[in-house]
Amino acid sequence: MATIIRVPCSSANIGPGFDVIGLALSMYLEVHLTVTKQESSSHSLNCRITYEGVNPESVPLVAEDNLITRTAVYVLRCHGIRAFPAETHVHVKNPIPLGRGLGSSAAAIVAGVSLANEVGNLQLSKARMLDFCLMEERHPDNVAAALYGGFVGTYLNELSPEDLDRMEIPLSEVLPEPAGGKDTGLQPPQPPKDIGHYTKFKWSSEIKCICVIPQFEVSTAKAREVLPGSYSRKDIVFNMQRLAVLTTALGQSPPDPSMIYTAMQDKIHQPYRRGLIPGLTEILQSVTPHSHPGLLGICLSGAGPTILALATSNFDSIADHLLAEFKKEGITCDWKLLELAEGGTTVERPSTGPSAQAPAQVEEALTYASSGVSIDAGNDLVKGIKALTAATRRPGADGKIGGFGGLLDLEAAGYTEPPILVGAIDGIGTKVKIAFEMGKHDTVGIDLVAMNVNDLVVQGAEPLMFLDYYACSKLSVESAVKFVEGVANGCRLSGAALVGGETAEMPGIYQQGEYDAGGCAIGAIKKGATILPDTAAMAPGDVLLGLASSGVHSNGFSLVRKIIEKKGLSFHDTAPWSANETVGGSLLTPTRIYVKPLLAATRRGLVKGMAHITGGGLLENIPRMLPDTLAAELDAKTWPVLDVFKWLKEAGRLEDAEFCRTFNTGLGMVLVVGEDKVRLATEILQEHGEQVYRIGTLTKRADEECVVQNMDVWR
């Protein structure tokens, strides 16, 4: 049986995304590979090529000339393999129209690199395959979409002069372009590593792609020839603004036609191609969401001439209209309705195919990957997060990862005498389940940091370093990178360096697509400084100040999810408490990090104690900072309760006490401050952007440790 390589077509330059964003679409180039062992082959490079599909008369069937096999031989020769095994049969099935802006060349190049990986048993990671693809196809939007699948954003690295010299395939040593010339037998240099980078954007499942394909070609070379050498600042700003909106708008549910249609406008490449595609401007402007309900936006696909229309319904009507508009120009078109190809390039080998059988009495050689754990994916993750962790560097810690432990130089961090070290460890809780559902993983990374560093700072400690632990069933590099991006953002907000972490794949423990995470923060208190809470300094009459929370933070989510389920809501529904947000999007608002404002106040000696309001709410966390002789008395009228809490309380029919001991009710941090220092402490906290409320006082303790008066205002 044959090994089958399937590569999706792609659409690039979507609207304003000139060589920036690409879509993988559900039309696939297939390469069927079989190798029959024999002494020699009569075919060039030991490879027989057969073909079925579009334009068979224009597709070369000689290995030196065919783009797929020529690319494969280049990759093989970089690894010291001069030709295909004798004898290799490559059968190509290609429905992708050539030269129409649907990434036919990108699909061929990705297929060629995958072909080499199979016949040479090179075991290249997808990240390394992208490097080889970019040696021939310099447009990362097309090849990254075809290779990785989905809706992707890309960019190329700025390379050194030495690497730039290697970017062109050395034609005399490999395979000339076009075919011909002499093979010197030299091994070409390996491509630079990490030439291009990509990220996957969210894509709303309601959106389908109408591809209207005119029956003529526009080559990439011709499409680029008509572009100007420079652009006006106004046009560049126009495109940048729309690109910033479009990549988010296409992932929202339900999609917003008025936003997407406007965001797909372009001023830096489509207007200049009017001469290559008759009636282009008029055709693009002839359909709008108003004239054709269901339409979201319309643009050229890549260099054209294919028109890409994004829509949620009314597909036939939109396509028929566009075909009629082209017909006015004397142009015949086909059209196809395609969906997002999320999986990208896939390889089905005989041993893994649905009807494949292993040879008799031959057992599969087991690998770690066959058990469900991918070392390559872990390595790809490390590559993807190195820049994120480096951005968290601080004096004493460089933010580098990849070693066996994270280092911190206390003296370089400003501690010339041995400080008191403080450690905290925590997780995110079941809030991660909402991240799974929404496909949004960066904000829970911030939560992980916040839950730890907020616990450190209440003791007066400065967070210095952070380590995270991420466990899953099967590692999704893009999800994990977004998670670590959130962790890095949290570290920057708190001043801690992300010095290390651990990623674990544990098939059978976690469900597919799920993960859990934990974190550990280390901080320090300078020698001689007061370790909080300073219970000896507290006295009746001391003031309680509350700092506003950003929402539910990261506790109580088992109850939150139960209330949402009870009310019959989906996390994708509009939030009853916020008309501009979904339920899940609102609930994923990250925990507020209070480190820098609280350090500013404590270093002035203004604070006697602090309580981080997490699980247990006000009633159980405030007493943790008090001496046995004192109690806290709060007045619920003195701070606003956020709309999300009002809705949760009413929808869950929560009693006042249960509400107060489960949620933060709008206060993420509570401070004890002497009456004489309240004004200065408030001013400093407000200068750092905090909303500060005077919520109560300390009293002599009688029975209860914490009393909240006037809870009836929550009803």
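Because the structure is a prediction, the values reported are computed rather than measured.

S.K.: Please set out the overall build of the chain residue by residue, giving values where relevant.
M.R.: Along its length, the chain carries 21 helices and 23 strands. Taken over 715 residues, the chain has a buried fraction of 53%. Here the contacts in the chain between residues at least 6 apart in sequence split such that 80% fall between residues at least 24 apart. Looking at the chain as shown, the accessible area adds up to about 31,500 Å², and 51% of this sits on carbon and sulfur atoms.

S.K.: I'd like to hear about the nonpolar core, residue by residue, with values.
M.R.: Counting residues in hydrophobic clusters, the biggest one holds 103 residues, and the most contacted among them are Phe483, Leu587, Ile622, Leu634, Trp639 and Leu671. Here Leu587 is in contact with Lys431, Ile434, Val552, Phe557, Val560, Ile564, Phe571, Trp577 and Val644, once residues within four sequence places are set aside. Of all hydrophobic cores here, the second largest spans 77 residues; its members include Ala108, Val113, Tyr148 and Ile260.

S.K.: Please provide a residue-by-residue account of the sheet that holds strand β15 (residues 515-525), values included.
M.R.: Here we have 4 strands laid out as an open sheet, ordered β12-β15-β13-β14, and mixed in their pairing. At either margin of the open sheet sits one strand with a lone partner, and together these are β12 (420-427) and β14 (497-505). Pairs of neighbouring strands in the sheet enclose a mean axial angle of 15°, with direction left out of account. Alignment of β12 against β15, held across 8 bridges, turns out to be antiparallel. When the bridges of β15 are listed, Ile425 appears paired with Cys520. Strand contacts of helix α13 (residues 442-457): β12, β13 (462-472) and β15, with the helix running at about 145° to β12, the strand carrying the most contacts.

S.K.: Describe the environment of Tyr693, with residues and values.
M.R.: Relative to the assigned elements, Tyr693 resides in strand β22 (residues 692-700). The exposure class assigned to Tyr693 is buried, which follows from its relative accessible area of 18%. Ignoring sequence-local partners within four residues, the contact set of Tyr693 consists of Leu544, Leu545, Gly546, Ala548, Thr638, Trp639, Pro640 and Leu667.

S.K.: Got a sec to walk through the sheet that holds strand β8 (residues 295-300)? Specific residues and values, please.
M.R.: Strand order in this open sheet of 4 strands is β8-β9-β7-β10, and the pairing throughout is antiparallel. Bordering the open sheet on either side are β8 and β10 (333-338), each of which pairs with just one other strand. Averaged over all adjacent pairs, the angle separating strand axes in this sheet is 20°, with direction ignored. Relative to β10, strand β7 (residues 208-214) is paired through 6 bridges, and the arrangement is antiparallel. Pairing of Ile210 across the sheet is with Leu337, part of β10.

The rules behind these values
Residues numbered from 1 in each chain as written. Predicted model: local features only at pLDDT ≥ 70, side-chain atom pairs only at ≥ 80, totals over all residues. Heavy atoms only, no water. Helix = DSSP H or I, 4+ residues; strand = E, 2+ residues; numbered from the N terminus. Buried < 20%, exposed > 50% of the residue type's maximum accessible area, 1.4 Å probe, protein only. Contact = heavy atoms within 4.5 Å. Areas by Shrake-Rupley, 256 points an atom, 1.4 Å probe, with all protein chains shown as cover. Core = buried A, V, L, I, M, F, W, Y, C linked by side-chain atoms within 4.5 Å. Pairing = 2+ DSSP bridges. Axes fitted to C-alpha atoms, helices over the stretch in contact; angles between N-to-C directions.

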